Amino acid sequence: DTNSVATVASLEAQDYVTVITNDAPLHWWRLGTADTGTAAANRGSAGVAYSGMYNGALGRYVTGAIVNSSDTAVEFYGGADQVVITVTGVVIPSNNYAMEAWVQCPSDGHALRGICGRYNPTVSLGGVALATAQDSSYALFHKNTTTDSLVSNVHPIGGSYDHVVGQYVRGSGMIYVNGQCVAG
């Protein structure tokens, strides 16, 4: 829901949970906040079956993006660092979905890095992802029965947080960065 897109400066800690839960997402992970051990709990309506496991040498409990919040974040260093969700029968959306994340890229480059997505290796071209493209700009990749992608002209600034939303509705993709439509 792009009506609830907010910038880091405008979103206070007490508003964040309300904004997200009012959107009623199927999947929602507050990485680093209340997770214990290696688990990343799904707080969305799809339930705990979609909780994941941290994989790799992650930085845990680092300062997050939300103003005046004690909530922490997870730092992914690249390579195999990820949250893995192993649910059988994963359905890759073919239309009408949105993915969003708070992103802070490193200052030493950020080309071809996944931000969030769903992928099923048993389906030909079975995946969707919000990522950074070859030129390091934000991109939305949609691959189901056809291959489609959308690349913005906005590049992350190393060390700064961006709120990034990739939305695919009725066959058209859109990318929002900090509340502004930058592609689509």
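Since we're looking at a predicted model, the values are computed, not measured. (Residues numbered from 1 in each chain as written. Predicted model: local features only at pLDDT ≥ 70, side-chain atom pairs only at ≥ 80, totals over all residues. Heavy atoms only, no water.)

## What about the pairing of strand β13 (residues 180-183)?
Worth spelling out the cut-off: A pair of strands counts as paired when DSSP detects no fewer than two bridges linking them. Helix and strand assignments come from DSSP, with helices taken as H or I runs of at least 4 residues and strands as E runs of at least 2, each series counted from the N terminus.
Alignment of strand β12 (residues 172-177) against β13, held across three bridges, turns out to be antiparallel. Bridging from a neighbouring strand, Y176 pairs with C181 of β13. Joining the antiparallel neighbours β12 and β13 is a turn of two residues, in which N178 adopts a positive phi near 50°.

## A look at the sheet that holds β12
To keep things clear, this is the line we draw: To get an axis, a line is fitted to the C-alpha atoms, and for a helix only the part in contact is used. The angle between two axes follows their N-to-C directions and goes from 0 to 180 degrees.
One open sheet accounts for four strands, arranged β6-β11-β12-β13; its pairing is antiparallel. Of all strands in the sheet, those with a lone pairing partner are β6 (97-104) and β13, marking the two edges. Strand-to-strand twist in this sheet, taken as the mean axis angle between neighbours without regard to direction, amounts to 25°. In the sheet, β6 pairs with strand β11 (residues 161-169) via eight bridges, with the strands oriented antiparallel. Of the residues in β11, the one forming a bridge with E100 is V165.

## Re the confidence of the model for the protein
Low pLDDT means the predicted coordinates in that region are not meant to be read closely. What counts is decided by this rule: Values of pLDDT, the confidence the predictor places in each residue, fall between 0 and 100. Whether two residues touch is decided by their heavy atoms; if any such pair falls within 4.5 Å, the residues are in contact.
On average, residues of the protein score 74 in pLDDT, and 73% of them reach the 70 mark or higher. Mean pLDDT in the protein bottoms out at helix α1 (residues 13-22), which sits at 70, and peaks at β13, which reaches 94. Low pLDDT, under 50, characterises residues 1-9; the predicted model gives this stretch 19 contacts beyond four residues in sequence or across chains.

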